Amino acid sequence: MPSGALRPVGWMSYLGSKVLLMSRHTPDRPVNMESFFPELLPFRRESVRLHPRPGSPTCKDSSVGGPLLWPAAEPWPVCREEHYDDSMNSTSQPQPAAPMVPIVQIHRADAPGIPFPEGKDLLQVLWCPYSHGEFCYPLPQVHWRDCSAVGDVLPTPEPAAELPRNWYPGPCVVHPEQVTEYPSWDLSDELRDVLRDRFDALSGETGLLYSYHLAAAPGIKLGGYPGWTQDPVWPDCEGCGSRMDHLLTVSSWEFDGESWRTWLPDEDRTDENEWGGQRWDGPAHNPAGLCLGDAGGVYIFECRTCPERPIGHWFDCS
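Residues numbered from 1 in each chain as written. Predicted model: local features only at pLDDT ≥ 70, side-chain atom pairs only at ≥ 80, totals over all residues. Heavy atoms only, no water.

A. Spatial organisation of the environment of P310. Note on placement: P310 falls in the loop between β13 (297–302) and β14 (311–316). Taking relative accessible area as the criterion, P310 reaches 23% and is therefore assigned partly exposed. For P310 and M244, which are 66 residues apart along the polypeptide, the C-alpha to C-alpha distance reads 9.0 Å. If we skip the residues at most four places from it in the chain, P310 touches C237, M244, F301, E302 and C303. (Helix = DSSP H or I, 4+ residues; strand = E, 2+ residues; numbered from the N terminus. Buried < 20%, exposed > 50% of the residue type's maximum accessible area, 1.4 Å probe, protein only. Contact = heavy atoms within 4.5 Å.)

What follows is the structure, given as C-alpha cells:
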C-alpha cells in the first residue's frame, strides 16, 4: 500500500506513538497522518488520556475525583468567591463557602511527557463546582507536590450536600495512555485551506472527519490540545504576557456519537446495540458522571515561563 494511502475503516495497524502498555488503548488512526498530511508534523503534540473508570482509588493513587494526598498541616482549600448554583439563572441565590472538590490527582510516573516543576512528582487539581463569573465556570486550583514531603495526610472531606452533583467527578481510577494529537479547532484557516481537498478525500473514502476522528483526543486528558467545544480561547499570562500552555482538559464526556469511532478504546468495544452494532453510549461514555453546562468542558492552562507557574482557565459548552 503506498505511503499515506487511506486504509479502510476498521483497519488498525498499531504503528502509532503509544509508548506505554496500559489497560486502555486508543485504536491507531486508519490513515498515516504525517504521510498523508505532512504539513501537520510541526504541530503534533503528545497528550495523556486518563481514561477514568469508576472505582475506589486511595489518596496514594492517581485518580479522577478520588481522595488527595493532602498534607495534614495544610488547610483544605475553601472557595470564598461569590458563586451561584449551576442553573445559570440570574435569580439564583449566592451559595455559602464550601470545600473545593478533587478533580484530578496524577503522579509524574503516570504522566509521560508532561513537564512537572523541578522537585515535584504529584499534580493535584481541585475546583469549586458552583458557577462563577459571567460565563458560570467552576473555579480551579492547581497544586504541585513532592510526595515524600507530605507526611501525615489530611482526610479528603466529603463534598457538601448542596453542591451541584454533575459539576464534579465521582471517584475513578485512571488508565493513562500517551497519544499523539494534531490541531482541530486550533488549526489555522490558512492550513485548513491547504488541506481541505485531502480532508474531503478522507471523508469520502472512509466517512471520517479530520476534526472529530483524527485530530485531538476528547475526554479528560493532560497536555496536547484543549478539547474545545467552541472557538479556542487561549489565556495570556498576566505576569509575562506570553500565551499559556494547556495543562488539563476536563470534558463532560469521553467521546460522543461521532468521535467514538476512533477514540473509544479497544477494551471498551464489547457492548452491542439492539441492531448488532457497537455502542458508543456505554459505561465508558461518561464514567465520571459529569455534565458541565451543555456537555462542555473546563480547560486549565499554566505559564511555564514564570517560576510560580500561574494558571488560567476557560469554560465552554455547546
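B. Representation of the nonpolar core. If you look at the biggest cluster of nonpolar residues, it comprises 43 residues, and the most contacted ones within it are L50, V104, L222 and L248. Of all the secondary structure elements, the ones that give two or more residues to this core are β6 (101–107), β7 (122–132), β8 (137–145), β12 (245–251) and β13. Ranked by residue count, the leading element in this core is β7, at six residues. Discounting chain neighbours no more than four positions away, the residues touching L248 are V104, V125, I220, K221, L222, V298, Y299 and I300. Counting residues in hydrophobic clusters, the runner-up holds 14 residues, among them F36, L191, L195 and L202. (Core = buried A, V, L, I, M, F, W, Y, C linked by side-chain atoms within 4.5 Å.)

C. Region of the structure containing the packing of aromatic side chains. Within this structure, the stated rule accounts for 11 aromatic pairs. With a centroid separation of 5.0 Å and 85° between ring planes, the pair formed by F36 and F37 is classed as edge-to-face. For the pair F36 and F37, one class covers both residues: buried. In textbook terms, an aromatic cluster arises when at least three aromatic residues are bridged by ring pairs, as seen for F36, F37, F199 and Y210. Against the face of W70 rests R145, its NZ or CZ located 4.3 Å from the ring centre. When the ring centre of W144 is taken as origin, the NZ or CZ atom of R309, which lies over that ring, is 5.0 Å away. (Phe/Tyr/Trp six-rings, centres within 6.5 Å; stacked < 30°, edge-to-face > 60°. Lys NZ or Arg CZ within 6 Å of the ring centre and 35° of its normal.)

D. Just the sheet that holds strand β9 (residues 172–173), in detail. Ordered in space as β2-β9-β3-β6-β7-β8, the six strands form an open sheet in which the pairing is antiparallel. A single partner strand is all that each edge strand has here, and the edge strands are β2 (53–54) and β8. Sheet topology places β6 next to β7; six bridges connect them, and they run antiparallel. From the neighbouring strand, V101 faces β7, where its bridge partner is W127. (Pairing = 2+ DSSP bridges.)

Just geometry here; none of it tells us what the structure is for.
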